[in-house]
Amino acid sequence: MKKVYFKRYEENDSETLSKIARELLELIVEQENVTLEKNIPIKVHFGEKGNKTFVPARCYDGVIDYLEEQHIETSFIETNVLYRGERTTKENHITLAKDHGFTRLPIIIADGEIGEDVHDVVINQEYFTSVKLGGAFKDYNQVLVMSHFKGHGLAGFGGAIKQLAMGFASRSGKMAQHSRMVPTVSEHKCIECGLCVKKCDVSAIQLTPKAQINSELCVGCAGCIAVCPVGAIRNDWGGLNFREKVTEYAYGAQLDKNHIYISFMMNITKECDCMGQEMKPIAKHFGVLASMDPVALDTACIDLLQKESHHDLFEIGRESLTHAKHINFGSSEYILEMI
Ligand code: SF4
Ligand code: SF4
């Protein structure tokens, strides 16, 4: 049975949350005999422009102090998003991160300028034989995976698993989780500029005169979505078996690695931090939790939320955990150690 360390803190003060995160990191390293690598990037979410409930940059100060005191090289690491927005390309993404206060460490956008840098990890599971992560992740054996536990319209409530799955995936990996792979073109929006044709490495797009995608040739890299200046190219966000796919990507992102997981249960919103708008939290603040097992950690967070709050999206979050058990990923049984 895996341990999940929990320090309750029902306020929303970044300085205190930062100290708690550091305390939990020190504790987990000591209690679980974790060997720290010389270079440990911190996986974060910089928050979409306009979002006010993502984990603020100040909350990471404590763990950064700790890593620096151990003479460990560190950085913030993230991947580009699939949809068109401020975090679609590396340059804009870094600008937004700095605007949101993430200035203390170098920033690595793991999948390159628009998602072209991909690292394949073979997993041989039900939906995927391999997962497409951001290329930079292949350079690290250990990542400090820091997550915001919150909701998501499709995935339900969760933290560490979503952070591993969507957060580590390249654009093509995100697309594989979300969709039937082949995007579609809105003819009335297309201005026939041809940028998507130039971008498509497998010549799957033709102008006739509007852009048309050949589903036989398309490999689902999502590059065309990123370059289209008018947002004429979209994918099917719903997809099938989304939550199971998310779980398999999370499995691939932690396979043969020694990641450490810390989740903030604060500002718990119904939708995720990719929403570029203000949202009202739907539950109280709980505090900070940490574990070496992302499945145990998410299970503990959902259990806490269900026990002390009420929302009907809980069970959707649990579907990912059910699939984790099915593929022998992590442990849904845990011991909650209160700090
Ligand atoms: S998703 Fe990639 S492969 Fe498919 S049409 Fe767009 S650019 Fe081409
Ligand atoms: S990039 Fe967009 S607007 Fe330009 S041709 Fe392709 S679909 Fe049409």
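Caption draft 1: Structural detail: the site of ligand 2. C190, C193, C196, A211 and C228 are the nearest of the 14 residues found near ligand 2. Partitioned by chemical class, the residues of the shell around ligand 2 number twelve nonpolar, one polar and one charged.

Caption draft 2: A look at the packing of helix α5 (residues 171-178) against helix α8 (residues 242-254). Where α5 meets α8, the axes come as close as 8 Å, and the angle between the chain directions of the two elements is 145 degrees. Facing G173, Q177 and H178 of α5, the residues of α8 in contact are F242, K245, V246 and Y249. Class assignment of the residues belonging to the contact of α5 with α8 gives a composition of three nonpolar, three polar and one charged.

Caption draft 3: Spatial organisation of the sheet that holds strand β4 (residues 107-109). Ordered by their spatial adjacency, eight strands build an open sheet running β4-β3-β2-β7-β12-β13-β1-β14, and the pairing between neighbours is mixed. On the outer flanks of this sheet lie β4 and β14 (334-338), each paired with one strand and no other. Strand direction decides the pairing type here: strand β7 (residues 144-148) and strand β12 (residues 260-265), joined by five bridges, are parallel. The residue bridging V145 from the neighbouring strand is Y261, located in β12. Packing against the sheet, helix α1 (residues 14-31) makes contact with β1 (2-8), β12 and β13 (287-291), and its axis sits at approximately 20 degrees to β13.

Criteria and thresholds
- Residues numbered from 1 in each chain as written.
- Chains lettered and ligands numbered in written order.
- Predicted model: local features only at pLDDT ≥ 70, side-chain atom pairs only at ≥ 80, totals over all residues.
- Near = placed C-beta within 6 Å.
- Nonpolar A, V, L, I, M, F, W, Y, C, P; charged D, E, K, R; others polar.
- Axes fitted to C-alpha atoms, helices over the stretch in contact; angles between N-to-C directions.
- Helix = DSSP H or I, 4+ residues; strand = E, 2+ residues; numbered from the N terminus.
- Contact = placed C-beta atoms within 7 Å.
- Pairing = 2+ DSSP bridges.

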